[in-house]
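Report on the structure
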Amino acid sequence: MIRRRMAVALGALAAAATLAVAVPGSAFAAEGVLVINGAEYEDPSGCYAIDYFPSSVSNHTDAIAEVHSGPDCTGQVEWLVYPGETYHTETAQSVFIL
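None of these values were measured; they are calculated from a predicted model.

1. Section: the sheet that holds strand β8 (residues 94–97)
- The strand order β3-β8-β5-β6 describes an open sheet built from 4 strands, whose pairing is antiparallel. The two strands at the open ends of the sheet, each matched to only one other strand, are β3 (46–49) and β6 (77–81). Neighbour-to-neighbour, the strand axes of this sheet turn through a mean angle of 25 degrees, independent of strand direction.
- The pairing of strand β5 (residues 65–68) with β6 spans 4 bridges and is classified as antiparallel. Across the sheet, the residue bridging to V67 is W79, located in β6.

Given below as structure tokens:
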């Protein structure tokens, strides 16, 4: 009987630990809209591809957007687009915002 209760308790503890790891904590995202070549991303977070040139990045969020020279937000930061600004590029390949 004691072993069974202990096994149930350990099983519940393992399930709770798995759930705590699997469910992310509070997510951070910029509030507002990031516009890349006319495509709007509401409350954006992470990396976005720039898929054609010339391109524009309009930042209508409360965060700074980093324009990267490489794909998948790699390479040098080409420009920082502050809230309320628009940046035009012919070389950047991705945008990161948190």
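2. Side note on the sheet that holds strand β4 (residues 55–61)
- With respect to topology, 4 strands assemble into an open sheet ordered β2-β1-β4-β7, the strand pairing being antiparallel. In this open sheet, the two strands that pair with only one neighbour each are β2 (39–42) and β7 (86–89). Averaged over neighbouring strand pairs, the angle between their axes works out to 15 degrees when direction is ignored.
- With 4 bridges joining them, β4 and β7 adopt antiparallel strand pairing. The residue bridging S58 from the neighbouring strand is T86, located in β7.

3. Things to note about the nonpolar core
- Counting residues in hydrophobic clusters, the biggest one holds 14 residues, and the most contacted among them are L34, I50, V57, V67, V95 and I97.
- Within the residue set of this core, elements represented by two or more residues are β1 (32–36), β5 and β8.
- Sequence-distant contacts of I50, that is, excluding residues within four places in its chain, are made with I36, N37, S55, V57, V67, T89, A92, Q93, S94 and V95.

4. Observations regarding the side chain of S94
- Counting through the fold element by element, S94 comes out in strand β8.
- A polar contact is formed between the side chain of S94 and the backbone oxygen of G70, at a distance of 2.6 Å.
- Sequence-distant contacts of S94, defined by excluding residues within four places in its chain, comprise C47, Y48, A49, I50, E66, V67, H68, G70, P71, D72, C73 and T74.

5. Looking at the environment of G32
- By the secondary structure assignment, G32 is in strand β1.
- Taking C-alpha positions, G32 is 4.1 Å from T61, a pair spaced 29 residues apart along the chain.
- In contact with G32, not counting residues within four places along its chain, are Y41, E42, D43, P44, H60 and T61.

Calculation rules
Residues numbered from 1 in each chain as written. Predicted model: local features only at pLDDT ≥ 70, side-chain atom pairs only at ≥ 80, totals over all residues. Heavy atoms only, no water. Pairing = 2+ DSSP bridges. Helix = DSSP H or I, 4+ residues; strand = E, 2+ residues; numbered from the N terminus. Axes fitted to C-alpha atoms, helices over the stretch in contact; angles between N-to-C directions. Core = buried A, V, L, I, M, F, W, Y, C linked by side-chain atoms within 4.5 Å. Buried < 20%, exposed > 50% of the residue type's maximum accessible area, 1.4 Å probe, protein only. Contact = heavy atoms within 4.5 Å. Polar contact = N/O pair within 3.5 Å; in protein donor to acceptor, adjacent residues only side chain to side chain.

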